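Results of the structural survey
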Amino acid sequence: MIPVMNPIESRSPHDPADLVASSPAAGRSGVDEAVASARAAQRDWAARNAAVRAAALARAADAVEGAAGELAALVVREVGKPVAEARGEVARSVSILRYYAQQVFDPVGAVHEPSGAGLLFTRRRPLGVAGLITPWNFPLAIPLWKAAPALAFGNAVVLKPAPQALACALRLAELLDLDAFRVVPGDAEEGAALVEAADVVSFTGSAAVGALVRAAAVRRGVPVQAEMGGQNPAIVLPDADLEVAAAQIAAAAMGFAGQKCTATKRIIAVGNGDDVRQAVLAAVARLGFGDPSDPATAVGPLIDKAARDRVVAAASGAVASGGRILTGGRSADGLGGWYAEPTLVDGLPADHPLACEEVFGPICVVQDAASADEAVALANGVRYGLASAVYTRDLDRALDISARLDTGLVKVNAPTSGVDFYLPFGGEKDSSYGGREQGKAAQDFYTSTHTVTISPSR
């Protein structure tokens, strides 16, 4: 008897009865078939000149832009992203495609002086099939900031999206309309199969799964990058513009229900804890909370019941450990979906799990520091190192603190959340492994350098 595989389903976190997409899981055989087909398509794709590849990416950008309203509505429905953020993600996706459509024309090598007679130069060549494993929280932008450079430099792509973002991935494939871009529905089994079959692997997700992906790719000897989350601090110095800082921190901690790897998870107040608490509490209270299709909403649902329950359990655990709930800490069952109230907690020791580990939701810890040095020590005292923020009017202090923070992204008077797609993205310590994503760094990751020596024939 042939085993029947459970279908991959995505449901709206605002209305769990709403089945957004359903598809049979690809299984290992389906992944192998997709990679084989992509490998065949890659040979033709890589042979096309830069202008042809650029034109294909530009057409994809036009298609995504033409479907902007539909895509934003799908992102809202499938992953519960507030509509204003969903529209921003669609616009960013268009920009990513257009950026890499032009980066196709960047230099792919250099000419060097030979040690003898002849010609000596380097050139970059695609690696083959890029296996992409992506999360649900940026269902368009993350697949594209991985896929667009891979395609630009002549690779084919097989995308294994998170099950919760299946509909967005399938629609994206329709809009790109490229033989060199394929989607495989699935979960852990399909992700593992893709890592075992691809020529280069790019992963975004949890630290636990990222460690498995990294180990499997390294065993095979294929290039791998893994972005694995953060425990991001925002340091507020006494001279900061508190109103501006509080508004940015509240949005970065609670926006999209805190479901971003760059979301603020710790607020470190330097000598002004009471003022910071009151300002942030007021800013959180002003955030719209509820239906993500409402333009006034900033904090929507969690992606599923398990995610909602983890946030509520984390708040309860903090109280059991002697912490104090400043606001929130409960589920909001009356809203119909998987909602948890925006939550601020203080009174926890620095080694408490909520202050050290990532809880993917609208929950944030307030910590006190007597000095900037103590704040830096607190900020660096976790295993993650993705993003950090410093709020101050003092340029000398900003430069000094930013140089000492162990994070791949440092923001001064700007929120931890938000990434410029044309600059390298990645973290330190357990936040990232392998080469940086995005910008010019992507060419390094998706290609290999060949050195060519041409000597006179006689």
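Because the structure is predicted, anything quoted here is derived from the model rather than measured.

So, on to the sheet that holds strand β4 (residues 119–126). Pairing in this open sheet of three strands is antiparallel, and the strands run β3-β4-β20 from one edge to the other. A strand with exactly one partner marks an edge of an open sheet, and here the two such strands are β3 (111–112) and β20 (447–454). By the bridge criterion, eight bridges tie β4 to β20 in an arrangement that is antiparallel. Of the residues in β20, the one forming a bridge with Pro-126 is Thr-447.

Moving on to the pattern of salt bridges. Taken as a whole, this structure holds 26 salt bridges when the rule is applied. Taking the shortest distance from any N to any O, the salt bridge between Glu-85 and Lys-260 comes out at 3.1 Å. Here the residue Glu-85 occupies a position in helix α4 (residues 83–103), and Lys-260 occupies one in the loop between α9 (242–254) and β11 (264–270), the gap between them amounting to 175 residues. By relative accessible area, Lys-260 is classed as buried at 10%. Lys-440 serves as the salt-bridge partner of Asp-106, at 2.5 Å between the closest nitrogen and oxygen.

Our next topic: the packing of aromatic side chains. If you walk through the whole model with that rule in mind, you get eight aromatic pairs. Summarising the aromatic geometry, the rings of Phe-289 and Tyr-339 are spaced 5.9 Å apart at their centres and angled 75° between planes, so their arrangement reads as edge-to-face. Placement of Phe-289 in the loop between α10 (273–285) and α11 (305–320) and of Tyr-339 in the loop between β12 (324–327) and β13 (343–346) is noted, with a sequence separation of 50 residues between them. Residue Tyr-339 is classed as buried on the basis of its relative accessible area of 0%. Ring geometry for Phe-445 and Tyr-446: centres 4.9 Å apart, planes at 75°, overall edge-to-face. Classification of Tyr-446 as buried rests on a relative accessible area of 2%. Grouping aromatic residues by their ring pairs yields a cluster made of Tyr-99, Tyr-100, Phe-421 and Tyr-422. Directly above the aromatic system of Phe-138 lies the positively charged group of Lys-81, at a separation of 3.6 Å from the ring centroid. Above the plane of the ring of Tyr-433 lies Arg-214, whose end atom (NZ or CZ) is 5.1 Å from the centre.

Core analysis: the biggest nonpolar cluster contains 134 residues, and Val-64, Phe-181, Ile-267, Leu-344 and Leu-354 have the highest contact counts within it. Filtering out sequence-adjacent residues up to four positions away, Phe-181 remains in contact with Ala-147, Leu-151, Val-157, Leu-159, Ala-173 and Leu-176. With 13 residues, the next largest nonpolar core counts Ala-369, Ala-375, Val-376 and Ile-401 among its residues.

Conventions we followed
- Residues numbered from 1 in each chain as written.
- Predicted model: local features only at pLDDT ≥ 70, side-chain atom pairs only at ≥ 80, totals over all residues.
- Heavy atoms only, no water.
- Pairing = 2+ DSSP bridges.
- Helix = DSSP H or I, 4+ residues; strand = E, 2+ residues; numbered from the N terminus.
- Salt bridge = Lys/Arg side-chain N within 4 Å of Asp/Glu carboxyl O.
- Buried < 20%, exposed > 50% of the residue type's maximum accessible area, 1.4 Å probe, protein only.
- Phe/Tyr/Trp six-rings, centres within 6.5 Å; stacked < 30°, edge-to-face > 60°.
- Lys NZ or Arg CZ within 6 Å of the ring centre and 35° of its normal.
- Core = buried A, V, L, I, M, F, W, Y, C linked by side-chain atoms within 4.5 Å.
- Contact = heavy atoms within 4.5 Å.

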